[in-house]
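# Fold and geometry: a report
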Amino acid sequence: MTEKGLLIVLSGPSGVGKGTVREAIFSQGEREFMYSISATTRNKRVGEVDGVDYFFKTKEEFEQMIEKRELLEYTEYVGNYYGTPIDYVQKTLDSGKDIFLEIEVQGAMQVKERMPDGIFIFLTPPDMTELEARIQNRGTDESPAIRQRMEKAVEELNLMRYYDYAVENDTVENAVKKVLAIIQSEHLKVSRILESKEKPEKE
Ligand code: 5GP
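Attention here is on the structure that accompanies the text. (Residues numbered from 1 in each chain as written. Predicted model: local features only at pLDDT ≥ 70, side-chain atom pairs only at ≥ 80, totals over all residues. Heavy atoms only, no water.)

## Digging into the overall build of the chain
Condition: Labels follow the DSSP assignment, with helices taken as runs of H or I lasting at least four residues and strands as runs of E lasting at least two, numbered in each case from the N terminus. Radius of gyration: C-alpha atoms only; globule rule: 2.2 Å multiplied by the number of residues to the exponent 0.38. The classification of residues rests on relative accessible area computed with a 1.4 Å probe and restricted to protein chains. Under 20% of the type maximum is buried, over 50% is exposed, and intermediate values are partly exposed. Throughout, a residue-residue contact means that at least one pair of heavy atoms, one from each residue, lies within 4.5 Å. The Shrake-Rupley method, run with a 1.4 Å probe sphere, supplies the accessible areas, and residue values consider only the shown protein chains as cover. Charged-residue counts in this description rest on Lys and Arg as positive and Asp and Glu as negative, His and the chain ends being excluded. A charged residue contributes its charge at one atom only: NZ of Lys, CZ of Arg, CG of Asp or CD of Glu.
A count of helical and extended segments in the chain gives eight helices and nine strands. Over its C-alpha trace the chain gives a radius of gyration of 17 Å, about what one expects of a compact globule, namely 17 Å for 203 residues. Judged by the C-alpha coordinates and their principal axes, the chain covers about 55 × 40 × 30 Å. A total of 203 residues make up the chain; the buried ones form 43% of that total. Restricting to contacts in the chain with at least 6 residues of sequence separation, those with at least 24 account for 68%. Carbon and sulfur atoms provide 48% of the accessible area of the chain, an area that totals close to 11200 Å². Computed over 28 positive and 38 negative side-chain charges, the separation of the two mean positions in the chain equals 1 Å.

Take a look at the structure:
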């Protein structure tokens, strides 16, 4: 019997470096992880590829996905929809592979309701001034959007208490080590090991 994969939710304020940390985790080679590509209605940024970074959708297409219950969670974030297609997540977990969701807090809370077995990790910035600089340096957002993203960041930090783990992104290397350590211990949890052994008898 294959152990079910772990659902790993990585959140943290916009600009904290979730993408960079996740990419570093994916390239470490010790463990294999799958990535849940989200659907969004926001405009593509330079260098982003449809079906790789996001599935870019129109508002109508996204609302159809909601209606057809194709999303595990979704939210409106700074004027756009973002959501996680459920099918890929289910299939990946059933195949025994771990999957990462890189999503904001409102969505993460919906996932927690539906999949309480998930591991909820919150990436924190070393400090807020640095976070603002990172959001501005990205240079792709107009300034009202920068302000909104900063406000969101403060709001999101207040919701950290609902997560299982907080990892400070002081350096990417440190953050990666900590996230991998969390995943390793979650895999060693007796409850998970027993669950995977007990499953065939129940079926
Ligand atoms: P960005 O526009 O910078 O790519 O993403 C904005 C925020 O939306 C980030 O915090 C990102 O993690 C989050 N996000 C990306 N995909 C999803 C998703 O599928 N669901 C939710 N709830 N948030 C998402």
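## A few points about the environment of Asn 169
Threshold: N or O atoms within 3.5 Å of each other form a polar contact, as long as, within protein, one can give a hydrogen and the other can take it, and as long as residues adjacent in sequence are counted only when both atoms are side-chain atoms.
The topology assignment puts Asn 169 in the loop between β9 (165-168) and α7 (172-187). Taking the relative accessible area as the measure of exposure, Asn 169 reaches 5% and is therefore buried. Sequence separation between Asn 169 and Lys 152 is 17 residues; the distance between their C-alpha atoms is 18 Å. Leaving out residues up to four positions away in the same chain, Asn 169 has contacts with Val 16, Gly 17, Val 21, Leu 123, Thr 124, Pro 126, Arg 134 and Ala 175. Polar contacts involving the side chain of Asn 169 include one to the main-chain carbonyl oxygen of Val 16, which spans 2.8 Å.

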